[in-house]
Structure formats: structure tokens, C-alpha cells
Amino acid sequence: MSPPVAPPGWSRWLVPPAALSVHLSIGQAYAWSVFKPPLESALGLSGTQSALPFQLGIVMLGLSAAFGGTLVERNGPRWAMTVALLCFSSGFLLSALGASLEQYWLIVLGYGFVGGIGLGIGYISPVSTLIKWFPDRPGMATGIAIMGFGGGALIASPWSAQMLESFGSDSSGIALAFLVHGLSYAVFMLLGVLLVRVPRTEKPVVSGPSVLAGPQVSAKQAVRTPQFWLLWIVLCMNVTAGIGILEKAAPMITDFFADTSTPVSVTAAAGFVALLSAANMAGRIGWSSTSDLIGRKNIYRVYLGVGALMYALIALFGDSSKPLFVLCALVILSFYGGGFATVPAYLKDLFGAYQVGAIHGRLLTAWSTAGVLGPLIVNWIADRQEEAGRHGASLYGLSFVIMIGLLVVGFVANELVRPVAPRHHVPAPKEAAHVERQQSESA
């Protein structure tokens, strides 16, 4: 499938909505918790078992993004969005079959494995194209799209809950909800497939910096540089700190204030989760746009340094003040979202736009690692503390100290990032030949 080239006069502002249609759809992954209680009740699952589709989906997201990044660069955004559509929607259809037959392994295979491939390819599908359309504001452009992934749960969570209420929370009701999801998201993602375009390469999209100005590094060379692995550590530490709160948000705030005169109700805990989703979404566009003004290294200093401070405030004073606890958690989740949205532009600054989509895909293996590491730290320590007879805020004290340490590690790694050595750069003639080949293939 040849990348569709924009005709003369095509507005670059039509590309972010195309990206959003994909990211808002695959962002449903953050609403998986809505299906956990019905699945546990209908199929007799434990909490650990019901989390398996989500965990496998995040692992497959990182792996498919890493291994599929080069294919996305080669075949273009329309091919990638089509693959994402087919995999993500097919995952729901397989899950619907699994729920109908009460075969949980089909749900794990469908939502986790097949759908997870759609997550990874869909997540990176617009990144390189957006950076090429917006060389003057790469942080803002990728932030707009990746904001959709953070905000997808704001749509999917109440929508899924309403379907389960209407269809029923037994296996047949869950199957019907999965079926509606699969068909609806296929239609919505198709809008992005039809709308997306790549810019013409014979002239710049805007006056100012060219998309191929400065050093250019191939994906193969990028993974051989210390800069790539330093950024891998930075992203992994930032995501681990954020997902540690996000995955256990409702029980965490309930535990923190269980021994006080004003305990948190189930409804209030659900509202807290919704606030965190909003902060996650807002951070993706707000902080990534700020990075265009103050620079990528400086914004990660904020994410990691201020994030460590927020964790320290929660650990020391969080159980004595609900507003302080909520505020610090919202800031941490805004940094979590902002880190995702800023990293493509950081990669472009270091490695150029030559194969930034493929490089970004490889970097997302840090997300796969953090998706396991963050929940493991918080849940395992909380379980051990509870077995030791502790309760309330003391269940999380050690976890928060570990998170502070991880953020400090990420801060140091960010400080060590330097420009990529010239020996890793793509030679100018090879780069020019690559661009010329892309033009001939697109003609």
C-alpha cells in the first residue's frame, strides 16, 4: 500500500483528527477494568486472571511497536492504521466469541494478543507522519494524537458500563458488549485510514526548519547509541511511577483514608479515577506543547524531578489531606501522559525524522517493562504489608519510596543525554537517495 500523498492545498490540520480517530479507539485499553468484575463473576476468575488480557495487551503493544516500527516507516500511516483496525477490532470479535462460549483463553488471545498487536501498530502509526507535517511544533502535534490514547477511557468507560447494564453482565451480555465494541471501533478507525495523508517531499510543509534538517540516524544505528538506552530508562522510570498509581487508584485512595473520620466512598473513588484519566489526557497535550517552548530535556527534568517531589509529599502528608493527595496524584498522572507525548519529539531532536517512527516503536518496549513493573511493585508490597498486619496508608509507604528512587534514576539518565555522535549519522547521499525513492514509490 503506497502512502497517500497530500494534494496541493491540503491542510496539515486534517492529519491530527485522523490520528485521533485511531488513538481514541485504542485508548479503550485504559477502560479494561470495567470488564473485570463481570468477567470474574460470569467465568469464576480471580482478580489476577481477569487482569491478564490487559497485561498481555500492554506487553504486545511494546513488542509489536518495536518489531513493526520499520514496516510502519516503509509502508506509511494508512497501511499501519489499516493493520491496527483489523487487529484491534478482530481482538474484540474473538473476545466476544470467547465470552459467548465461556472460553476465557479466547478472550486472552483476542483482546490481549491480537488486540495488543493492534494497540502497538496503531499507537505508532501517526507519529512519524505528524512530525513531518509539523516540523515547527513536533511536541504539540504528537501530543494531540497521543492525547487521544489517554482520553479514550473517558469515552469507553461509561459507554462500556452502560452496555453491560443494558445487555447484562453475564457471559452473553459481555459477549454482546465486546461485539459492539469491535464493530464500532472498526468504523471509527476507518475515518483515520481514509483521511490520513503524507506531505509532499519536494517542498517544506511550512517555512522554517526542514523535516530532514540536522543529523539523521537510522533505527538500526539508534539502538546502538547510549542516547537510545538512556531515553529507554527515562521513559521506563516515568511510566512505572505513573502506572503504579493508575492501576490501583480506586483502592489506593480508599485505603489511604480508611482510618480517618472521612473515608472515601466507592463513588468518590470512581470519580478520582476519572480525574486521573483527565489529567493523563491533559498532560499529553499540555506538557508536550510546553516542551516545544522550553526543550525536551528541561520538560523531562520537570516530569522526573517534580514527580519525585509529588511522591514524597503523598508519602509524608497524603493521609492527612485529601486535597493534597488528589493534587499530587493528578500532577504525577499528567507527567505520565506528558512523558508519552513528548518522547517522539525528543527522539526527533536526537535522531532526526529519518526513521523516527521505527525508533519510537523500539523505545516502547520500555512501556511493556513498566506495565509489568509498576503494578507489581505496588500490589506485591501492599499484599505483603497487609499480611504483616498493616493497613491504611502504611500499605504504600515502601512502594512510594521505591518510586522516588526510580524517578531519581530516570532524572540522572536524562541528565546524561548528549547529542548523537556523527559516526551514527546517515550519510547525506544515502539520505537523499532514500527520500528520492520514497517520492518515486508515492508517485
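On a predicted model such as this, the values are computed, not experimentally measured, just so you know. (Residues numbered from 1 in each chain as written. Predicted model: local features only at pLDDT ≥ 70, side-chain atom pairs only at ≥ 80, totals over all residues. Heavy atoms only, no water.)

**Side note on the overall build of the protein chain**
For the protein chain, the helix and strand inventory stands at 18 helices and 0 strands. On C-alpha atoms alone, the protein chain measures out to a radius of gyration of 22 Å, which is about the 22 Å that the 2.2 N^0.38 rule sets for 443 residues. Overall size of the protein chain, expressed as C-alpha extent along the three principal axes, is 70 × 50 × 35 Å. Once local pairs closer than 6 in sequence are excluded, the contacts in the protein chain between residues at least 24 apart make up 85%. With 25 positive and 20 negative side-chain charges, the protein chain shows a spacing of 14 Å between the two charge centroids. (Helix = DSSP H or I, 4+ residues; strand = E, 2+ residues; numbered from the N terminus. Rg over C-alpha atoms; globule rule 2.2 N^0.38 Å. Contact = heavy atoms within 4.5 Å. Lys, Arg positive; Asp, Glu negative; His and termini not counted. Charge placed at Lys NZ, Arg CZ, Asp CG, Glu CD.)

**Some details on helix α11 (residues 249-256)**
Along α11, the positions that sit buried rather than exposed are Ala-249, Met-252, Ile-253 and Phe-256. The arc that holds the buried residues of α11, viewed along the axis, is 90°, so those residues lie on one side. (Buried < 20%, exposed > 50% of the residue type's maximum accessible area, 1.4 Å probe, protein only. Arc of directions from axis to C-beta.)

**A few points about the environment of Ala-186**
Its place among the elements puts Ala-186 in helix α8 (residues 171-195). Once the C-alpha coordinates of Ala-186 and Asp-349 are considered, the two residues, 163 residues apart in sequence, prove to be 34 Å apart. Each residue touching Ala-186, except ones within four places of it in the same chain, is listed here: Leu-85 and Ser-89.

**Concerning the packing of helix α10 (residues 226-246) against helix α13 (residues 296-317)**
At a minimum axis distance of 11 Å, the contact between α10 and α13 shows a crossing angle of 35°. In the packing of α10 onto α13, the handedness of the crossing is left-handed. Touching Val-234, Asn-238, Ala-241 and Ile-245 of α10 are Tyr-300, Tyr-303, Leu-304, Tyr-311 and Ile-314, all from α13. Among the residues making up the contact of α10 with α13, the classes are represented as 8 nonpolar, 1 polar and no charged. (Axes fitted to C-alpha atoms, helices over the stretch in contact; angles between N-to-C directions. Left-handed = near helix turned anticlockwise from the far one by under 90°. Nonpolar A, V, L, I, M, F, W, Y, C, P; charged D, E, K, R; others polar.)

**Side note on the pattern of salt bridges**
Tallied over the entire structure, the rule returns 7 salt bridges. For Asp-136, the salt bridge goes to Arg-12, with nearest N and O atoms at 3.0 Å. Of this pair, Asp-136 sits in the loop between α6 (127-133) and α7 (138-167) while Arg-12 is found in the segment before α1 (15-26), placing the two residues 124 residues apart along the sequence. Exposure remark for Asp-136: the relative accessible area of 30% places this residue in the partly exposed category. (Salt bridge = Lys/Arg side-chain N within 4 Å of Asp/Glu carboxyl O.)

**Observations regarding the environment of Val-378**
Looking at the secondary structure, you find Val-378 in helix α16 (residues 365-387). Non-local contacts of Val-378, meaning those with residues more than four positions away in its chain, are made with Gly-244, Lys-248, Met-252, Tyr-396, Ser-399 and Met-403.

**Observations regarding the confidence of the model for the protein chain**
A residue-level look at the protein chain finds 92% of positions with pLDDT of 70 or above and a mean pLDDT of 86. Across residues 438-443, confidence stays below pLDDT 50; counting only partners more than four residues off in sequence or on other chains, it has 7 contacts. (pLDDT = per-residue confidence, 0-100.)

**Brief notes about the packing of α7 against α8**
The N-to-C vectors of α7 and α8 enclose an angle of 140°; their axes lie 9 Å apart at closest approach. One element, α7, and the other, α8, form an angle in the oblique class. At the point where α7 passes α8, the crossing takes the right-handed sense. Touching Ala-156, Trp-159, Ser-160, Met-163, Leu-164 and Phe-167 of α7 are Gly-173, Ile-174, Leu-176, Ala-177, Val-180, His-181, Ser-184 and Tyr-185, all from α8. Taken together, the residues that form the contact of α7 with α8 break down as 10 nonpolar, 4 polar and no charged. (Parallel < 35°, antiparallel > 145°, perpendicular 65-115°, else oblique.)

**Focus on unusual backbone geometry**
Not every positive phi belongs to a glycine, and Glu-102 is a case in point at roughly 60°. Structurally, Glu-102 is set in the loop between α4 (77-101) and α5 (104-124).

**Things to note about the side chain of Ser-125**
Secondary-structure assignment places Ser-125 in the loop between α5 and α6. Judged by relative accessible area, which is 2%, Ser-125 ranks as buried. For Ser-125, the contacting residues outside a window of four places in its chain are Val-22, Val-72, Pro-77, Ala-80 and Met-81.

**Examining the packing of aromatic side chains**
Under the defined criterion, the tally for this structure stands at 31 aromatic pairs. Pairing Phe-228 with Trp-229 gives two aromatic rings, centres 4.9 Å apart and planes at 85°, and the pair type is edge-to-face. The buried category is assigned to Phe-228, whose relative accessible area is 1%. Lying over the aromatic face of Phe-257, Lys-322 brings its terminal NZ or CZ to 5.7 Å of the ring centre. (Phe/Tyr/Trp six-rings, centres within 6.5 Å; stacked < 30°, edge-to-face > 60°. Lys NZ or Arg CZ within 6 Å of the ring centre and 35° of its normal.)

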